[in-house]
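Observations on the three-dimensional arrangement
Chain by chain, the residues:
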Amino acid sequence: MDDARVFTGADKALQAGIITKIRVENFMCHSNMEIELGDRVNFITGQNGSGKSAILTALCIGFGCRAKSTDRATTLKEFIKTGCSFALVHLEIKNRGEDAFKHDVYGDVIILERRITESTSTSVLKDHQGKKVASRREEIRELVEHFNIDVENPCVVMSQDKSREFLHSGNDKDKFKFFFKATLLSQVDDLLKSVKDNLDMANGEVVELERSIAPIEKELNELQGKIKSMEHIEEIAQQVQLLTKKCAWSVVYDIDKQIQEETARLRKLEERIPRCQAKIDQQIAKVAELQDSLDQKKARSGNLMESVSEWRKKKNELEQKISMATKEKFELEQERQRKNNNIAKIAKQIKLLEQQISEANEQQMRDTQAEDDEMERKLRELQDEIHVAESDCQRLRKLEDELSERLGAARDELRMINSEINDYQKKYDESQARIHELRLNQTHKVTAFGGYKVSNLLQSIERNHHKFRKPPIGPIGSHVALINGDKWAVAVENAIGGLLNAFIVTDYKDSLLLRSCAKEANYGHLQIIIYDFSRPRLQIPNDKLPQTNHPTTLSVIQSDSPTVVNVLVDMGSAERQVLVRDYDMGTTVAFNQRVPNLKEVYTLEGHKMFSRGSAQTILPPNKHARAGRLCSSYDDQIKNYEREALHMQEQGREVRGKKRSFEQRVHDLQEELQNAKRQRMGAEKVCMSKTLKLKDLKNSRAAEAINSSVSNVDDLQIDISKLESDKNECEIMCEKIEERWKEANAKVNEQKALLEELRELAKADVDALEKASRELSQIEDELRHADAEKRHYEGLMQQKVHQGIKETKQRCKEYENERKVSYDKASIICPESEIEALGGCGDSTSEQIQAHLKRLKLRLQQESLRHQESIEELRLLYDKKERKIIKQQQTYKAFREKLSAIRRALDKRWSKFQRNATLLKRQLTWQFNGHLRKKGISGHIKVSYEDQKLSIEVKMPQDASTSNVRDTRGLSGGERSFSTLCFALALHEMTEAPFRAMDEFDVFMDAVSRKISLDTIVDFALAQGSQWIFITPHDISMVKHDDRVKKQQMAAPRS
């Protein structure tokens, strides 16, 4: 059974035992074919008749498989290609790493060749250079056993015929044979039965041999009795007299020994009193110190939580202020830029006007009054157009500012929507994780109290159960149930949740053994409680319970184990924890009513309230607590979380739709803002061009009319004054905007500094809160351990020390009275000095001496009547028969010892076989469900070793709302093939081999089932550490690409 090991799925490929190359000559349909294989997953595909299955057959034949076992031929010569005289199978095996087979002989590659002729077949082993090393069958068998290669095992090599038969068969006995053979149980069962039959036959023969010497042993014993009786009749008489005297005084001496033993025991018990009391005082002081520290830590944790909450609120306010100040700063920068641009334009216009004035002073009037009137009309029209253009510019600037504000608001709203989407997604992921955890707990309830590691720990405890004084109890949560529904589930878990994962043992030795089992199962930080299992269930008086109408933790739970209830009372104070409906009721009970014997109050929402002296502490619910572990059914919780996840998904979908609309809105606003900017720039260009045109007209008028130059100069001076006034006004506005920008910038920097300062201040409180939580948990563990140690030493003092002293003194008094009576009786028979002269009574007790005396008297009476034969003749006859029988006895004794050793080994192996068979049956169902779950199917495998039947039952997704379980014969071909394939993969995980091969594994499958099956097989194969060879005539393009997956196409068959 030791060979049926399970892979753990190493990422690193095997370095020894895998096939790197297969080459055949004149084998079946191939004249000369060579194929190289990858270290992990290989797919070989091709049309029917291309010789794919011949590769698998060559692999089996190469490792010594018989022709009939391949289901392709009855004799080896039938594998020789028609028209050829021989066939050759050439296999190259990788031989590297620590598992290499005789690496110093063969090197990195072992070549195995099998040559088949019409009359015989030979196998040869060669090294990596092709040099022949061995050809004996023993050497090849040693190679196969070293790499654990069993090509006749269907889980190692599944041929085309086996695949079709296995995937299409609905017979439960056929499936059981497949399972029994694939897990090597069949091989071990046959071997153990054969050994048992041979052992029974050998035992029968030894019994017959022992019976044959029984008459001689009887005669020898009779002769020995006669000789001894005749030799020691007189000695017996003397011994009878001596033993009579010794018997009388041995009673006195036995009593003296008992008195000495009791005195020594009394002295040892009295010496233990100070040590035990010191231990008790030490633990009492430690418990008081830890309790004070615990109360201080709890109070500090409550204050820190309130402080951290205030810090977070202030942080949010500062972030909002920074956002508003940054927005104001950005708007002021834009306004300042526009004003600076206006100032530059005005300065340019002033410069042009000054130039016109200079030119106008130098020109003369050349035109008439009519021309002046015409020029004035044109100037007025152009001035009106300029005013219209400036109005358009102002309107477009205002529109641009409005669009910029709307775009900023839309972007802020979009950021809030993204944050909301992330929150919904996080809540959805948390709900899905909780659903997964609850479903796992629903399948294996014990995993709710420690996860998958507790299952490994329980298996380790089962393997070592004979080493424990008493089997450990745990986890405690699996032995506790709620009374009258799940109403108080959250409150109870907050009250005793720290003890639900703990294990209980009866003494310190068992705790060390359990700690080693936890280390073996990789279960760190296991909480172990030492408690006396023999103590009955504690009966708590009413005056020791909280005087209130509200229930306590102890009143709403039940357990079949008295030890579990006692631990919850002694370690968790469950009888002093009161449960209430809501927060207000909790504060009333905890702080206002002053209820006697009350330790803590818990609400339905998970609040914890207690008072220590004048300090009143309220701890909020733990958001990360794993509630619901004590519920009788997980279905309601799973449905609630599913509804919550669906609600979160719908909310996320709605918010994503809202996000898309806001993204479109932002995009539209950006386009509108760009259009507004383009329109504003166009309007400014039009305004500027008309202004320049006006200046040109004025310049031309000044040049044409010297007489009107003075009036033109005055107009230009007015225009310059107006422009300078506008320029001064803009500069004043710029200075104001600059001051506002500096104030906004200072405000932003100030708010950021305050935020950083707040973060630094809050960091200390957050770190202190985390540290206080860890210290609180550590102090609670130390307090429980110290309290258990104190009770242990108190029980030791009361039950063993004081009680032992009382009983010992009583026995000493009884022994002294008994000695006085016995001494008087012995003095009548003979004085004590005579017994001392003879050496006393030795180490024999009075009972032994009395029994010996009785036997001697009886023997003396019997032997006195027997004096017929000569003692010399009896001695010669005795010696002759003794030599003969001793030799035979020694021979038969050696036989019996060997057979007994074989019987013990067989019983041990048979027990291990049955235990492993049971574990393999459970493991098969777990792994079968794991593969079915990838298609949304669940199932169960029933294995009956008595009836030799294996049945597969599956539950399809469409049956999820009912409890219907359908047999595989009621499924479609694809569904039945997929479920049977999952059964085969589950068996693969339970066997070990360096390589595995499957031919036409996807027959009877539809496209969907084949896709899921291929993904399942590839993922499974990549997770394993061995080499895989898959042969199929179907398309494998749907197989995912991976460097560890190698695909090869066989050439099409020739017509």
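Residues numbered from 1 in each chain as written. Predicted model: local features only at pLDDT ≥ 70, side-chain atom pairs only at ≥ 80, totals over all residues. Heavy atoms only, no water.

1. Considerations on the overall build of the protein chain
This is how it is decided: Strands are runs of DSSP state E lasting at least 2 residues, helices are runs of H or I lasting at least 4, and numbering of each runs from the N terminus. Exposure categories follow from relative accessible area, calculated using a 1.4 Å probe and restricted to protein chains: below 20% of the type maximum is buried, above 50% is exposed, and the middle band is partly exposed. Contact criterion: two residues are considered in contact whenever any of their non-hydrogen atoms come within 4.5 Å of each other. Note that accessible areas follow from Shrake-Rupley with a 1.4 Å probe, and for residues the cover is restricted to the protein chains shown.
Summing up its helical and strand segments, the protein chain has 21 helices and 22 strands in all. Put simply, the protein chain has 1055 residues, and 42% of those count as buried. Across the protein chain, every contact between residues at least 6 apart in sequence was considered, and the portion connecting residues at least 24 apart equals 77%. Accessible surface for the protein chain amounts to roughly 59400 Å². Of this, 49% is attributable to carbon and sulfur atoms.

2. Quick look at the sheet that holds strand β13 (residues 577–580)
Here is the rule we go by: A pair of strands counts as paired when DSSP detects no fewer than two bridges linking them. Helix axes are fitted only over the stretch in contact, all axes being lines through C-alpha atoms; the angle between N-to-C directions runs from 0 to 180 degrees.
Strand order across the open sheet formed by four strands is β13-β14-β15-β16, with mixed pairing between neighbours. Here the strands that pair on one side only, and so sit at the sheet edges, are β13 and β16 (615–619). Mean inter-strand twist for the sheet, computed between neighbouring axes without regard to direction, equals 20 degrees. As defined by bridge partners, strand β14 (residues 600–603) adjoins strand β15 (residues 608–612) across two bridges and the pair is classed as antiparallel. Residue pairing across strands places Tyr602 opposite Lys608, the latter belonging to β15. Here helix α14 (residues 583–592) sits on the sheet and contacts β13, β14, β15 and β16; the angle it forms with β15, its principal contact strand, is near 20 degrees.

3. Regarding the side chain of Ser460
Tracing the sequence through the fold places Ser460 in helix α10 (residues 452–463). Apart from the residues within four sequence positions on either side, Ser460 is in contact with Cys517 and Glu520.

4. Looking at the pattern of salt bridges
A side chain with one charge can pair with a side chain of the opposite charge if their charged atoms come near. The following threshold applies: Throughout this description, the term salt bridge denotes a Lys or Arg side-chain nitrogen within 4 Å of a carboxyl oxygen of Asp or Glu.
Applying the stated criterion to the full structure yields 17 salt bridges. In this structure, the salt-bridge partner of Asp200 is Arg903, at a minimum N-O distance of 2.9 Å. You can see Asp200 sitting in helix α6 (residues 185–212) and its partner Arg903 sitting in helix α19 (residues 871–932), a full 703 residues away along the chain. According to the relative accessible area criterion, Arg903 is partly exposed, its value standing at 25%. As a salt-bridge pair, Asp412 and Arg415 come within 2.0 Å of each other at their nearest N and O atoms. Of this pair, Asp412 and Arg415 both sit in helix α9 (residues 369–443), separated by three residues, roughly a single helical turn.

5. Describing a positive patch on the surface
This is how the line gets drawn: Grouping into patches uses exposed residues only, defined as over 30% relative accessible area, and leaves out salt-bridged ones; the cut-off is 9 Å for like charges and 5 Å for nonpolar side chains (Val, Leu, Ile, Met, Phe, Trp, Tyr). Counted as positive: Lys and Arg. Counted as negative: Asp and Glu, with His and the chain ends omitted from the count. To locate a charge, take NZ of a lysine, CZ of an arginine, CG of an aspartate or CD of a glutamate.
There is a patch of like positive charges on the surface, built from Lys908, Arg909, Lys912 and Arg915. Looking at the secondary structure, you find Lys912 in helix α19.

6. So, the pairing of strand β5 (residues 109–117)
Sheet analysis places strand β4 (residues 86–95) next to β5, joined by nine bridges and oriented antiparallel. Bridged to Phe86 within β5 is Thr117. Two elements, β5 and strand β6 (residues 121–126), share six bridges in a ladder whose sense is antiparallel. Along β6, the bridge assignment pairs Leu112 with Leu125. What sits between β5 and β6 in their antiparallel hairpin is a turn of three residues.

7. Topic: the environment of Ala202
Within the secondary structure, Ala202 sits in helix α6. Taking the C-alpha atoms as reference points, Ala202 and Phe895, 693 residues apart in sequence, are found 9.0 Å from one another.

8. A few points about the nonpolar core
A general feature of soluble globular proteins is that nonpolar side chains tend to end up buried together. In plain terms, the rule: The criterion is simple. A nonpolar core is a set of buried Ala, Val, Leu, Ile, Met, Phe, Trp, Tyr and Cys residues joined through side-chain atoms within 4.5 Å.
With 48 residues, the main nonpolar core has Phe43, Phe179, Leu924, Phe928, Leu950 and Phe983 as its most contacted residues. Residue contributions to this core peak at eight residues, all from α19. Look past the residues within four positions of Leu950 in its chain and what remains in contact with it is Asp172, Lys175, Phe176, Phe179, Leu924, Ile941, Lys942, Val943 and Phe983. The next biggest cluster of nonpolar side chains, apart from the first, holds 47 residues, and it includes Ile19, Cys60, Ile110 and Leu143.

9. A short note on the environment of Ser573
Considering the arrangement of structural elements, one finds Ser573 in the loop between α13 (562–570) and β13. Take Ser573: its relative accessible area is 11%, and that puts it in the buried class. Remark: the alpha-carbon pair of Ser573 and Ile496, spanning 77 residues in sequence, is separated by 8.7 Å. Residues within four places of Ser573 in sequence aside, it is in contact with Leu568 and Lys599.

10. So, the packing of aromatic side chains
To keep things clear, this is the line we draw: Centres within 6.5 Å make a pair out of two Phe, Tyr or Trp rings, where for Trp the six-membered ring is used; the pair is then stacked when the planes are under 30 degrees apart, edge-to-face when over 60, and tilted otherwise.
All told, the structure shown has six aromatic pairs when counted by the stated rule. Ring centres of Trp1028 and Phe1030 lie 5.6 Å apart, and the angle between their planes is 20 degrees; on these two criteria the pair is classed as stacked. There is no split in this pair, since Trp1028 and Phe1030 are both buried. Connected via pairs of aromatic rings, a cluster forms that spans Phe43, Trp1028 and Phe1030.

11. A look at the environment of Ile528
Tracing the sequence through the fold places Ile528 in strand β11 (residues 528–530). Residue classification places Ile528 among the buried positions, given a relative accessible area of 16%. Considering only alpha carbons, one finds Ile528 and Asn501, 27 residues apart in sequence, at a separation of 9.3 Å. Once you skip the residues sitting within four places of it in the chain, Ile528 turns out to touch Phe503, Val505, Ser511, Leu514 and Arg515.

12. Re a nonpolar patch on the surface
On the surface, a cluster of nonpolar side chains totalling about 240 Å² of accessible area is made up of Leu191, Val195 and Ile902. Along the polypeptide, Val195 turns up in helix α6. On the basis of relative accessible area, Val195 is assigned to the partly exposed category, the value being 30%.

13. Here's the deal with the side chain of Asp127
Here is the rule: Here a polar contact is recorded for every N or O atom pair within 3.5 Å, except that within protein the pair must consist of a potential hydrogen donor and a potential acceptor, and residues adjacent in sequence are included only if both atoms are side-chain atoms.
By the element assignment, Asp127 lies in the loop between β6 and β7 (132–134). Here Asp127 sits buried without a salt bridge, and the closest side chain of opposite charge, Lys131, lies 5.9 Å off (N-O distance). A polar atom in the side chain of Asp127 sits 2.8 Å from the backbone nitrogen of Lys131. Sequence-distant contacts of Asp127, that is, excluding residues within four places in its chain, are made with Val105, Tyr106, Val109, Ile111 and Val133.

14. Examining the confidence of the model for the protein chain
Should pLDDT be low for a region, the predicted coordinates there are not to be read in detail. Quick note on the threshold: The pLDDT value tells you how sure the predictor is about a given residue, anywhere from 0 up to 100.
Residues at a pLDDT of 70 or more form 85% of the protein chain, whose mean pLDDT is 77. Overall, residues 1–12 carries pLDDT values under 50, and its contacts beyond four positions in sequence, including any with other chains, amount to 36 contacts. Considering only residues more than four positions removed or in separate chains, one finds that residues 706–710, a stretch of pLDDT under 50, has 11 contacts.

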